[in-house]
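One-letter residues, chain by chain:
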Amino acid sequence: MADEGAKINLKVVTMDGNEMLFKCRKTTPLQSLMDAFCREQRVFANYVQFKSDEGRCLNGAYTPQEVCGTVAVACTHYATAS
């Protein structure tokens, strides 16, 4: 498919309502987005949970294409790095 290499914007919304936008390909595993989010927010990855708009828990092996075109991802985190 020709559009598999096209980049899309994914929005990550934290529990407190902050939003971050990430640009990635539809076929890129979400792990790269999750790692970038954790680095930027200075949170430990094992204390973060990502969910799709529909409430489905996401892991790093998923791609945006597999998440049925969902463009927003909710994120809950519990501890920050010092």
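Residues numbered from 1 in each chain as written. Predicted model: local features only at pLDDT ≥ 70, side-chain atom pairs only at ≥ 80, totals over all residues. Heavy atoms only, no water.

Let's talk about the pattern of salt bridges
What the rule picks out here adds up to one salt bridge. Here Glu19 makes a salt bridge to Lys11, at a shortest N to O gap of 3.9 Å. With relative accessibility at 27%, the residue Lys11 sits in the partly exposed group. (Salt bridge = Lys/Arg side-chain N within 4 Å of Asp/Glu carboxyl O. Buried < 20%, exposed > 50% of the residue type's maximum accessible area, 1.4 Å probe, protein only.)

A short note on helix 1 (residues 31–41)
Taken together, the buried positions of helix 1 are Leu33, Met34, Ala36, Phe37 and Cys38. Two residues or fewer after helix 1 comes Arg42, characterised by a positive phi angle close to 55°. (Helix = DSSP H or I, 4+ residues; strand = E, 2+ residues; numbered from the N terminus.)

So, to be careful, I would describe these as geometric facts and stop short of saying anything about function.
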